[in-house]
Amino acid sequence: MFRLGAQLLILVPLVGFFLMRETRLAPASLWENRWADFLSMNAQRSEQPAAVTLVEINTESLNNHPWPWTPLDFALFFRSANSFHPEVVATDELLRWEPTQFAPAEQQKISQYEKILREQLLESGKVLLGARLGMPADPDLIPPLEGVRGIRRVVGDPRLIPDFTAIEAHASDEYRLSSALGFTNLPAGAASYHLVPLVLRYRGQVVPSFTLQAALMLEQLTPDDVEVIVGEKIRLNDRVEIPIGATGRMRVDFGVPRARCEFSDLLLSAEQASLGHATVVPRDLLTSRLLLLVPRDSGVRTLQLAGRKGSPGELFGAAVATIHSRAFIRRAPVWVEWMCVGLATLALVDRDGVSGAPRFFQAARNAGIRPLVRAALALA
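Description of the structure in this document. (Residues numbered from 1 in each chain as written. Predicted model: local features only at pLDDT ≥ 70, side-chain atom pairs only at ≥ 80, totals over all residues. Heavy atoms only, no water.)

## Thoughts on the overall build of the protein chain
- Along the backbone of the protein chain there are 13 helices and 18 strands.
- When the 380 residues of the protein chain are sorted by exposure, 47% land in the buried category.
- Contacts in the protein chain between residues far apart in sequence, at least 24 positions, make up 76% of those at least 6 positions apart.
- Surface accessibility of the protein chain: about 19500 Å² in total, with carbon and sulfur atoms responsible for 56%. (Helix = DSSP H or I, 4+ residues; strand = E, 2+ residues; numbered from the N terminus. Buried < 20%, exposed > 50% of the residue type's maximum accessible area, 1.4 Å probe, protein only. Contact = heavy atoms within 4.5 Å. Areas by Shrake-Rupley, 256 points an atom, 1.4 Å probe, with all protein chains shown as cover.)

## Re the packing of aromatic side chains
- A full pass over the atoms with the stated rule returns 6 aromatic pairs.
- Plain terms: the ring middles of Trp 97 and Tyr 175 are 6.1 Å apart, the flat faces sit at 85° to each other, and that makes the pair edge-to-face. Separated by 78 residues along the polypeptide, Trp 97 in the loop between β2 (88-91) and α5 (104-107) and Tyr 175 in helix α7 (residues 173-176) bring together distant segments of the chain.
- For Trp 97, a relative accessible area of 10% gives the class buried.
- Note on Tyr 175: relative accessible area 0%, which makes it buried.
- Connected via pairs of aromatic rings, a cluster forms that spans Trp 69, Phe 74, Trp 97, Tyr 175 and Phe 263. (Phe/Tyr/Trp six-rings, centres within 6.5 Å; stacked < 30°, edge-to-face > 60°.)

## Side note on unusual backbone geometry
- One non-glycine residue, His 85, lies in the positive phi region at around 50°.
- Along the chain, His 85 falls in the loop between α4 (71-82) and β2.
- Judged by its relative accessible area of 62%, His 85 falls in the exposed class.
- Positive phi, normally seen in glycine, also occurs at Leu 95, with a value near 55°.
- Taking the relative accessible area as the measure of exposure, Leu 95 reaches 3% and is therefore buried.

## Overview of helix α9 (residues 263-274)
- Compared with the 16 Å implied by 1.5 Å per residue over 12 residues, the 17 Å span of α9 between its first and last C-alpha is a close match.
- Taken together, the buried positions of α9 are Phe 263, Ser 264, Leu 266, Leu 267, Ser 269, Ala 270, Gln 272 and Ala 273.
- Taken from the residues just after α9, Gly 276 is the one with a positive phi, measuring 80°. (Expected span 1.5 Å × (residues − 1).)

## A closer look at the pairing of strand β3 (residues 127-134)
- Of all 8 residues that make up β3, 7 are buried, and the element is covered over most of its length.
- Sheet analysis places β2 next to β3, joined by 3 bridges and oriented parallel. Each residue of the ladder has a partner; that of Thr 91, found in β3, is Leu 129.
- Relative to strand β7 (residues 180-183), β3 is paired through 4 bridges, and the arrangement is parallel. Note that in β7 the partner of Leu 128 across the bridge is Ala 180.
- Note that β3 and strand β6 (residues 166-169) share 3 bridges and pair antiparallel. For Gly 134, the partnering residue across the bridge sits in β6 and is Ala 166. (Pairing = 2+ DSSP bridges.)

## So, a nonpolar patch on the surface
- A cluster of nonpolar side chains, contributed by Trp 35, Phe 38 and Leu 39, occupies part of the molecular surface with about 330 Å² of accessible area.
- Along the chain, Leu 39 turns up in helix α2 (residues 28-42). (Patch = residues over 30% accessible without salt bridge, like charges linked within 9 Å, V, L, I, M, F, W, Y side chains within 5 Å. Salt bridge = Lys/Arg side-chain N within 4 Å of Asp/Glu carboxyl O.)

## Examining the side chain of Gln 272
- Checked against the element boundaries, Gln 272 lands in helix α9.
- Within the structure, the side chain of Gln 272 is placed 2.7 Å from the backbone nitrogen of Val 280, a separation counted as a polar contact.
- Not counting residues within four places of it along the chain, the set of residues in contact with Gln 272 comprises His 277, Ala 278, Thr 279 and Val 280. (Polar contact = N/O pair within 3.5 Å; in protein donor to acceptor, adjacent residues only side chain to side chain.)

## Quick notes on the pairing of strand β12 (residues 233-236)
- Burial of the side chains of β12 extends over both faces: Lys 233 and Arg 235 are buried on one face and Ile 234 and Leu 236 on the other.
- Bridge count for strand β11 (residues 226-229) against β12 is 4 bridges, and the pairing is antiparallel. Across the sheet, Ile 229 pairs through a bridge with Lys 233, a residue of β12.
- Between β11 and β12, which pair antiparallel in sequence order, lie 3 residues; one of them, Gly 231, sits at a positive phi of approximately 80°.
- In sequence, β12 turns back onto strand β13 (residues 240-243) through a hairpin of 3 residues, with Asn 237 there showing a positive phi of about 50°.

## Notes on the pattern of salt bridges
- Following the criterion strictly, the structure yields 15 salt bridges and no others.
- Between Arg 152 and Asp 224 there is a salt bridge; the shortest N-O distance is 3.8 Å. One end of the pair, Arg 152, is in the loop between β3 and β4 (153-155); the other, Asp 224, is in the loop between α8 (210-218) and β11, with 72 residues separating them in the sequence.
- Here Arg 159 and Asp 157 are joined by a salt bridge, their closest N and O atoms 2.6 Å apart.
- Classification of Arg 159 by relative accessible area gives exposed; the value is 65%.
- Residues participating in the shared-partner salt-bridge network are Glu 227, Glu 232, Lys 233, Arg 235 and Glu 241.

## So, the side chain of Ser 325
- Tracing the backbone shows Ser 325 in helix α10 (residues 312-325).
- The class for Ser 325 is buried, based on a relative accessible area of 16%.
- Every residue in contact with Ser 325, bar those within four places of it in the chain, is listed here: Glu 47, Gln 48, Pro 49, Ala 50 and Val 256.

Dropping the structure here:
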């Protein structure tokens, strides 16, 4: 006798175990991440917006300030931002120029522009600039060790955290001495970016990434206030515990509310504020928060973020907002998954006992499709 109910009671737990395993691995994990992104971006949010404002360089801004920007363009950003006394002013750009990359007419003015930018950085409260870790071109040549403020309290084995032997690029010395550096390295070749590194290693020492450094400055903390428990969490001075994986990466919640304004609107608001007028961008979106400069032209929007193209700056902004709002996406415990499998199995139990098939399968067999059901079970 064909006992469909009993076979399903065996098949459902096996399928459940298979799905539990595969959703942790590629390519099934990609679909799970997309589903999490969809829920986070479309669900009703109860938390307050994060104290993060993305200052976007859009097409209109590029018409007046074409890319690549000169030091004068960045000085204009910092001067306008300083008008509102933000907690942190940040850019993931390197702020390093070679005169040969500009037209001859501009090359003669670069040194003057750099002096103006240096003055604006000195007037800023807290400044975060981008930097990159890397490997030397000649593996036999060990570059000089540069001073980087690392994280002292590390619990566990950090060998899975990416390690680098050189600082590949950073801002010019006259800029970085008056600011903090954040390493912008991202995993190479990812189909979609749902995770962002919070810690990296420089010659074995655990150092904060751009995202974590921005969060620390926004929380008014230092790397000495950080404790890394590898593969579990990062604790920020008993204020917040950030879940991380073995490689030091955090899941980003792209649905966290955060403010945006255009670069041209920031310039206009600074002029309006200097005249004592109402600003086109509300002051509370520019004061006592992180202002992060984010290019949005197609040349830099190369990352796949939550179903759309985005720039590294947008990824960093969403990650900092996730930390500030404490909106961490965590995977449900294993016991919850097993409970769902158990409930699905119990749903197959007929009131006549486990050997009886559910009513809809009985109806299907009475409808003459029993051979199709048997074939499907054989294929499974």
